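Next come the chains, spelled out residue by residue.
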Amino acid sequence: MSIGPERSARIATMTESARPVWEATGDIDALQQWLKDHHCHGVDAVLVTMRVLECDLRAAQHAFFDAPCRRAEREFHNQVMDGLEAASEDL
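The text that follows walks through the structure, step by step, so that each part is easy to find. No experiment lies behind these values; they were computed from the predicted model shown. Every chain begins its residue count from 1, and numbering advances along the sequence as written. Totals for whole chains, interfaces and linings use all residues, but because this is a predicted model, local features are given only for residues with pLDDT of at least 70 and pairs of side-chain atoms are given and counted only at 80 or more. For the side-chain quantities, the full set of heavy atoms in the structure was used; hydrogens and water were omitted.

Thoughts on the overall build of the protein
Secondary structure counts use DSSP, requiring at least four H or I residues in a row for a helix and at least two E residues in a row for a strand, with both numbered from the N terminus. Along the backbone of the protein there are five helices and zero strands. Principal-axis analysis of the C-alpha atoms places the extent of the protein at approximately 50 × 30 × 20 Å. Here the protein, with 91 residues, has 29% of them falling under the buried criterion. In this analysis, two residues are considered to be in contact whenever any of their non-hydrogen atoms come within 4.5 Å of each other. Residue pairs at least 24 apart in sequence account for 51% of intrachain contacts in the protein once pairs closer than 6 positions are excluded. Whether a residue is buried, partly exposed or exposed follows from its accessible area with a 1.4 Å probe, protein chains only, as a fraction of its type maximum: under 20%, in between, or over 50%, in that order.

Some points on the packing of helix H4 (residues 57-66) against helix H5 (residues 71-89)
A fitted line through C-alpha atoms represents every axis, and for helices the fit uses only the stretch in contact; the resulting angles, taken between N-to-C directions, go from 0 to 180 degrees. Put simply, H4 and H5 touch, their axes get as near as 7 Å, and they point 110° apart. As summarised for this structure, H4 and H5 are arranged roughly perpendicular, according to the angle between their axes. Packed against H4, whose contacting residues are Phe64, Phe65 and Asp66, the element H5 presents Glu73, Arg74 and His77 at the interface. Residues are sorted three ways: Asp, Glu, Lys and Arg are charged, Ala, Val, Leu, Ile, Met, Phe, Trp, Tyr, Cys and Pro are nonpolar, and all the rest, Gly among them, are polar. Here the residues of the contact of H4 with H5 are counted per class, giving two nonpolar, one polar and three charged. Between 65 and 115 degrees an angle is taken as roughly perpendicular, under 35 as roughly parallel, over 145 as roughly antiparallel, and anywhere else as oblique.

Looking at the nonpolar core
What makes a nonpolar core is a set of buried Ala, Val, Leu, Ile, Met, Phe, Trp, Tyr and Cys residues whose side-chain atoms join them at distances within 4.5 Å. Of all hydrophobic cores here, the largest spans 18 residues; its most connected members are Met14, Ala18, Leu31, Trp34, Leu35, Cys40 and Val48. Looking at this core, the elements that each hand over two or more residues are helix H1 (5-25), helix H2 (28-37), helix H3 (42-53) and H4. In terms of residues, this core owes the most to one element, H3, which gives six residues. In this view, leucine 35 contacts Met14, Ala18, Cys40, Ala45, Val48, Thr49 and Arg70; residues no more than four positions away in its chain are not counted.

Right, dumping it as C-alpha cells:
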C-alpha cells in the first residue's frame, strides 16, 4: 500500500514524537490518548502504533480499537461492519 510522501513523512514524524510517550508509560491506552490529542486518527494512528510498538497490523488494530478514547471509532467501525453483514445477507 502506497501512502504518498506527505503522509509517509507525517506518520514518520508522529512515530518519533509518540515513541517517548510509549517508552515513558508502556501504556497502550496512554499512547492512544496522546495520538488522539495530537490529531492522529484512523489508519494513521494504527500505522504509528505498529511502528511504535513494533507489532503487526492485527495487534495495532486491537491497541487502537480497544483504547477507551477510541470508543467513537470502535462504534462507527462496528456499525459499518454490521451494515455490511446485513447487506450481504440480502443478496
